[in-house]
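Okay, here's what each chain looks like letter by letter:
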Amino acid sequence: MGGVHQETPSRLSRLQLRATWQEVPAFLLDRYLTVIASNDLARALSPAFAEGANLARFTFLESPPGRRTARCEPLEFQVAAMLRESVDHHLDDGHFPAIVGELSALSRTFATAWATPVHIEHTGEVELYSDAVGPLTMTYTELRIPDEDE
């Protein structure tokens, strides 16, 4: 059967969801915190939200040091907690030890955040730095796609 491309239900739900993102920055993450879809507004705010970027690696390894402020710490702890939650839900996934090991070895900030139990806030405010406009305080809400194990 050549030429016919069938969309999987999860891919269709992601495409349909992304099509509705017009007024707010939005992105989807996989279990490793890698951006699998994002809209123009999210990408304009930060390269952390570009498709293929890993939010944990960006937060702890790629974010320019001069951009880190005391108000960034809650975001760092939330990102580490999100990764920990994903590890806990996917204990049989052998890819996580490599990610956690890399981040722990290369980032003292990650090692501290990883070792500190933090409750994940699925909604709240974080401060981030945008090259386009400077420091921003953003309100966020984490949503899970139904029937997805990511």
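Check the entry above for the structure.
Cut-offs used in this document
- Residues numbered from 1 in each chain as written.
- Predicted model: local features only at pLDDT ≥ 70, side-chain atom pairs only at ≥ 80, totals over all residues.
- Heavy atoms only, no water.
- Helix = DSSP H or I, 4+ residues; strand = E, 2+ residues; numbered from the N terminus.
- Contact = heavy atoms within 4.5 Å.
- Expected span 1.5 Å × (residues − 1).
- Buried < 20%, exposed > 50% of the residue type's maximum accessible area, 1.4 Å probe, protein only.
- Core = buried A, V, L, I, M, F, W, Y, C linked by side-chain atoms within 4.5 Å.

J.: With reference to specific residues and values, describe the environment of threonine 141.
T.: Turning to its location among the elements, threonine 141 is positioned in strand 4 (residues 134-141). When the C-alpha positions of threonine 141 and glutamate 125 are compared, they lie 8.9 Å apart, and in sequence the two are 16 residues distant. Threonine 141 has contacts with His122 and Thr123, leaving out every residue within four places of it along the chain.

J.: I'd like a description of helix 4 (residues 73-89), backed by residues and values.
T.: The periodicity of an α-helix, 3.6 residues per turn, causes residues three or four positions apart to be oriented the same way. Under the 1.5 Å per step criterion, the end-to-end length of helix 4 is 24 Å for 17 residues, consistent within 8% with the ideal 24 Å. Along helix 4, the positions that sit buried rather than exposed are Glu76, Phe77, Gln78, Val79, Ala80, Ala81, Met82, Leu83, Arg84, Ser86 and Val87. Summarising the contacts, the buried residues of helix 4 are in contact with strand 1 (27-29), helix 3 (55-62), helix 5 (96-106), helix 6 (108-115) and strand 4.

J.: Talk me through the nonpolar core; I want residue IDs and the actual numbers.
T.: Core analysis: the largest hydrophobic core is formed by 26 residues, its most contacted members being Leu33, Phe49, Phe60, Leu83, Leu103 and Phe110. Contributing elements (two or more residues each) for this core: helix 2 (40-45), helix 3, helix 4, helix 5 and helix 6. No other element matches helix 4, which puts 7 residues into this core. If we ignore the near neighbours within four places in the chain, the residues touching leucine 103 are Ala56, Arg57, Phe60, Leu61, Leu83 and Phe110.

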